[in-house]
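Geometric and topological summary
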Amino acid sequence: MLLVGLGTVFAGSANAAPGIGAVVNAASYEATLAPGRWAAIFGTELAAGTGTASSVPLPLSIGGVSVTVGGVPAPLLFISPGQINALIPFDAPAGRNVAVVVTAASGATATAAVVIGRNAPAIFTQNSQGTGRALALDSLFRSIDRAGTDVIILYATGLGATDPALPSSASGGSTAEPFNRIKDSLQVWIGEAPATVTFAGLAPNLPGIYQVNVIPASRLSSNRLILAQNGVFSNSVTLPIPAGANTANVSGAIEGLYPASWLCAGAYFSLPAGQSTSGPVTISQMLTAVALNVKFDILPGAKPFQVVATTPAGNLTLDIDPENGTVRRSTPVPTAAARVFDFSLLATPVDDFLSRNRFPGNIVPLSRLDPVAFKAGQLLPYPNSFDSRDPVNATLLLSYALPVHGHFANRRRCVHGLQRRVRVWRVL
């Protein structure tokens, strides 16, 4: 959790040398970091006591505790024996093995290597855990109860460099023009539709906190909110949206095909119930396959609407048109090559976690495949629509008639009807 209060240091004592256990971003607790992003450093004996910064600009030391990132002193907000919240300096070096060191009265920690990229967007949420509902306000800075077509104010971190630039010990964004707007383009999706970004920059007087003002699209297919910069995606969170007037008695569930849920593991893959894979994941490309079960009643006078199941690679979408009695289904599925782990057309290197090398030609030998993943890939349907920009994931498009009785159900038990199931899946 990112602690944002200002206060005083409370003395304590430490009897052992400090040690770093993990360094993650403080908004979503993912490993992605970037200049200007809040980091949570977890460890042991990191400080002799607990304390917070008492003023801005933020100090480079609290209670004798300091942090460097790539040799650059990092501004501090909070210290304790088990956690430190530090701001990744804007002038910290980028790279795959950037050194993080905590120095306390009892000594310095061993170096912790982190990856620092140009961007690492993350959205702050109401539960301070990077999950659930986003911290979202209206134009008068009041908490919103639903997303409409008015401006929504979001708070994020990790959006990278700004213009004008700020030094590492920043006091937060400017309170007047010129505001510290981000340099890199930012994409925002609300309800599976692109939102209009009217402002994105450092929030006034809040170090390391970015303010993003957006206007949602007029039609929202879900409550999902996600940010992206230069192909790097944020945590997926939610916004409150108006209740629909097209359906009633809605229920649904997602079952894991790979990694398998306890419902599907034994039935499909001859594994003991509850076993999701045949071993640890040792390849940087991972298959994710799930089955969607959903049912609902379509109300009289219903207008065309969508049912959307979201995934990081794409969305399973049911376009339902009650007026014309049709359903159009769009399902993300892997290409024929990807389902046998042939990524020769993929620009991103495929890493072997065992040898710490890359697979030659981006092709994973069959001997290295998890047999559960291989079988899942063979059982899933093949695509009929392709995007030349994505050599891994494609799309299966199907159209069929809507039941005339007004009750829609896609229900399949794990033990039957595999080829008829609706599936959402991707290769990461």
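Small disclaimer: the values here were computed from a predicted structure and weren't measured.

Side note on the overall build of the protein chain
Within the protein chain, the regular secondary structure consists of two helices and 32 strands. Among the 428 residues that make up the protein chain, the fraction classed as buried is 47%. Counting contacts in the protein chain only where the partners sit at least 6 residues apart, residues at least 24 apart contribute 65% of the total. About 19700 Å² of surface is accessible on the protein chain, with carbon and sulfur atoms providing 56% of the total.

Quick word on the packing of aromatic side chains
A complete count under the given rule lists six aromatic pairs for this structure. Relative to Phe343, the ring of Phe341 lies with its centre 5.8 Å away and its plane at 85°, an arrangement referred to as edge-to-face. Comparing Phe341 with Phe343, the two get one shared label, buried. Cluster of aromatic residues (ring-pair linked, three or more members): Phe296, Phe305 and Phe408. Stacked on the ring of Tyr382, the Lys or Arg Arg339 has its end atom at 3.8 Å from the ring centre.

Here's the deal with the sheet that holds strand S7 (residues 83–87)
Pairing in this open sheet of five strands is antiparallel, and the strands run S1-S2-S7-S6-S3 from one edge to the other. One side of each edge strand has no neighbouring strand; the edge strands of this open sheet are strand S1 (19–25) and strand S3 (51–52). By the bridge criterion, five bridges tie strand S2 (residues 38–44) to S7 in an arrangement that is antiparallel. Looking at S7, one finds that Ala40 is bridged to Asn85.

A look at the confidence of the model for the protein chain
Residues at a pLDDT of 70 or more form 86% of the protein chain, whose mean pLDDT is 82. Contacts of residues 1–14 to residues separated by more than four positions or lying in other chains number 46 contacts, the stretch itself having pLDDT below 50. Across residues 412–428 the pLDDT falls below 50, and counting only partners more than four positions away or on other chains, this stretch makes 72 contacts in the model.

Topic: the side chain of Asp352
Residue placement: Asp352 occurs in strand S28 (residues 351–352). Note on Asp352: relative accessible area 9%, which makes it buried. Within the structure, Asp352 has its side chain in polar contact with the side chain of Arg368 (distance 2.8 Å). Look past the residues within four positions of Asp352 in its chain and what remains in contact with it is Thr282, Asn357, Phe359 and Arg368.

What counts, and at which threshold
- Residues numbered from 1 in each chain as written.
- Predicted model: local features only at pLDDT ≥ 70, side-chain atom pairs only at ≥ 80, totals over all residues.
- Heavy atoms only, no water.
- Helix = DSSP H or I, 4+ residues; strand = E, 2+ residues; numbered from the N terminus.
- Buried < 20%, exposed > 50% of the residue type's maximum accessible area, 1.4 Å probe, protein only.
- Contact = heavy atoms within 4.5 Å.
- Areas by Shrake-Rupley, 256 points an atom, 1.4 Å probe, with all protein chains shown as cover.
- Phe/Tyr/Trp six-rings, centres within 6.5 Å; stacked < 30°, edge-to-face > 60°.
- Lys NZ or Arg CZ within 6 Å of the ring centre and 35° of its normal.
- Pairing = 2+ DSSP bridges.
- pLDDT = per-residue confidence, 0-100.
- Polar contact = N/O pair within 3.5 Å; in protein donor to acceptor, adjacent residues only side chain to side chain.

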